[in-house]
Amino acid sequence: MWLLILLVWLVIWAGGTYWYLFRKPSPFSLESVRPPGPREFDQKKRDKVIKQVLRTRIKTHWHTLLSSEMGRKYKKQQRKRGFSVNKVPQNLDVIVIGSGIGGLTAGATLAKAGKKVLVLEQHDQAGGCCHTYIEKGFEFDVGLHYIGQVHENSLLRIAFDQITEGQLEFQELEPHFDTIQIGLGDQKREYTIFSGKHEMKAHLMKQFPNETEAIETFFKIMKVSAKKTHYLASMKLIPQWVCLFLLKSGIADLVSPVFRLSGTPATDFINTLTKNKDLQLIFSYFFYGVPPKESSVLINALLIHHYKRGAYYPKGGASEIAFHIIQTIQKYGGNCLVRAPVSQILVDKKGSAYGVKVKKGQEEVEVHAPVVVSNCGVFTTFQKLLTPEIQVKHDIQERLNMMKHGRGSFLIFSGFDGTAEELGLVSTNFWVFKDNDMDKSMEDFFAMSKEEAPDNIPMMFITVPSAKDPEAKIRHPGKSCMTILTMVKYEWFEEWKNTTVRKRGDEYYNYKMRFAKNLFDWACTVFPKIKDKLVFQDVATPLTNMHYLGAQRGAMYSAEHNVERFYAETVARNRCSTPVKNLYISGQDVFSCGIAGALHGGLLCASTVLDHIVYINLLLLKKKLKRKKARELAQLDKKKL
């Protein structure tokens, strides 16, 4: 009798699970992916998509423009740019605030699921950290410097193929994708990081022959982290009470060590592996504003593992991502509008979001939809876009207390006359450190006064996008560009927060150029030939990032990635749904930073909105593609015989 009851319950459970997972049609299909079309090099045509610009050049004096027929045409042209009510699709299902990769991924996935989506971007071009900008004939990437795990039939590659419908192509970089320099002058040591399923570990062991056991153990942690992180991510999709029961009862820890690893400080763990300070740094060399002692060993391991199967760069530059995803959204009846700053999320008396207010000149325009997705971070969403009476509610404050503000980013964009070959530039990135004690150097740096900081920068990252994209030579012949990045405190620049971009005054300019000069001079020790070939330089501080990216306190990686954020219970509570009904969070604040992290934030958000786990559909596609590949290889072998 009991056996029969148990069998009935198992059948009901299995049937219910199957119904939940597969009751809704998949937004993804192999049929929607088509061969990549020819690259669009015409900037005017690209701007129609990513800038919503329909431009005809009018060359005349400004005062003549104001009263002439040409002036009226110019004004009409200006009105065609950016947000306009007549560009808003009718009968919207979803509004997405912010066109970063997280917002675009959520938007494209929902569009392919049959939703009519409108993406609103406050900047004058779409893409967020995936956008590029062109100045004086140089094209600079802003936030995408390289990406991993987009090899053939990987889950991330399949996701990109679906949201761009096969139009985004990647260039695989050299196996030697990163160089790490530690120390200055005669004390400088250099280590190289290679991609490759087996080569990465073997190459590191060659450089540290006495640390093979430590490296072996760390790579095991990398493997566990990569294979089992979906357990953590799934906690954002299953009922919260189930997650908390599994965690508090200890059942989750019995299932996988990933729940314990996510809450383990990197320094604590790495100190058990080795006393070699250089190797300790290499295990945590991806700096994102948090010292290793305050970061999660799981996140640091995932970042290194991300490039194990190769490092890649989008062919045509980072702006290709937004260019193609937007066209997917438009194909299914949606749109992406720029110069559309959202000033408020509309919430009705019952506590449900039903649209947004968009600033249009001196006016505010209401746009309504039953679902609102915010891709502009938890702090902007809850502290700026909701009314004060909603902000102060306990459950909103509880969500905010799970996060801390991230560190600001400081970037230098430099343009040079000369090709990569002439200047000795390479696609390999350089991570440069003055000291091998990251915990101490970061702690000391962020404790410094505003006046001390520019002369004591402890680390920097150098990337050369023009050496990564093979088509850069076609778009910008005879030119090379470089981006230098470091992390800074927002407070050092805070006194100029109420000034206007590019009009912040001499004191601000001189202060930021102290940082820029020291960083550029340091970069010249890595690439000596660039110093005399510099013809353009632009500098972005946390205030610049706030203006163009809408990043709170200039934090390009959004909320701080401290270890407390990755405690398993916090991961389970910090989900895409919010205390405001029909309002959802997407992007880097959902799980982790970076292009891949933000994209997964978009997929998790779309899954939550649809009440359907789209990862199941992606995994089924992956299985089909692997079978197809196996058949092709088998047929090839037959032909050889």
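Please read these numbers as outputs of a predicted model, since none were measured by experiment.

A. Just the sheet that holds strand 20 (residues 583-585), in detail. Reading across from one edge, 10-2-1-14-20 is the order of the 5 strands in this open sheet, with parallel pairing throughout. Pairing within the sheet leaves two strands with one partner each, and these edge strands are strand 10 (335-337) and strand 20. Along the sheet, successive strands turn relative to each other by an average axial angle of 20°, direction set aside. Pairing between strand 14 (residues 371-374) and strand 20: 3 bridges, direction parallel. The partner of S374 across the bridge, within strand 20, is I585. Its contacts with the sheet put helix 26 (residues 594-610) on strand 14 and strand 20, and the angle it makes with strand 20 is roughly 155°.

B. Spotlight on the UniProt feature "transmembrane region" (unreviewed entry) in the protein chain. As recorded in UniProt, the feature "transmembrane region" (unreviewed entry) lies at residues 598-621. Structurally, residues 598-621 is divided into 88% helix and 0% strand, and its ends, taken at the C-alpha atoms, are 21 Å apart.

C. Representation of the UniProt feature "domain: Amine oxidase" (unreviewed entry) in the protein chain in the model. Using the residue numbers shown here, the UniProt feature "domain: Amine oxidase" (unreviewed entry) corresponds to residues 101-610. As annotated, residues 101-610 comprises 38% helix and 20% strand, and the C-alpha atoms at either end are separated by 19 Å.

D. Quick look at the sheet that holds strand 9 (residues 311-314). Strand order in the open sheet made by the 3 strands is 5-9-6, with antiparallel pairing throughout. The open sheet has two edge strands, strand 5 (147-148) and strand 6 (170-172), and neither has a second partner. As defined by bridge partners, strand 5 adjoins strand 9 across 2 bridges and the pair is classed as antiparallel. Within strand 9, the residue paired with I147 across the bridge is Y312.

E. Region of interest: the packing of helix 5 (residues 101-112) against helix 15 (residues 319-331). The geometry of helix 5 relative to helix 15 is characterised by a closest axis approach of 9 Å and an angle of 30° between their N-to-C directions. With respect to helix 15, the axis of helix 5 lies roughly parallel. Crossing of helix 5 against helix 15: the hand is left-handed. Together, I101, L104, G107, A108, A111 and K112 of helix 5 and I321, A322, I325, I326, T328 and I329 of helix 15 make up the contact between the two elements. Here the contact of helix 5 with helix 15 is built from residues that sort into 9 nonpolar, 2 polar and 1 charged.

The rules behind these values
- Residues numbered from 1 in each chain as written.
- Predicted model: local features only at pLDDT ≥ 70, side-chain atom pairs only at ≥ 80, totals over all residues.
- Heavy atoms only, no water.
- Pairing = 2+ DSSP bridges.
- Helix = DSSP H or I, 4+ residues; strand = E, 2+ residues; numbered from the N terminus.
- Axes fitted to C-alpha atoms, helices over the stretch in contact; angles between N-to-C directions.
- Contact = heavy atoms within 4.5 Å.
- UniProt positions renumbered as here; feature names shortened; annotations may be inferred.
- Parallel < 35°, antiparallel > 145°, perpendicular 65-115°, else oblique.
- Left-handed = near helix turned anticlockwise from the far one by under 90°.
- Nonpolar A, V, L, I, M, F, W, Y, C, P; charged D, E, K, R; others polar.

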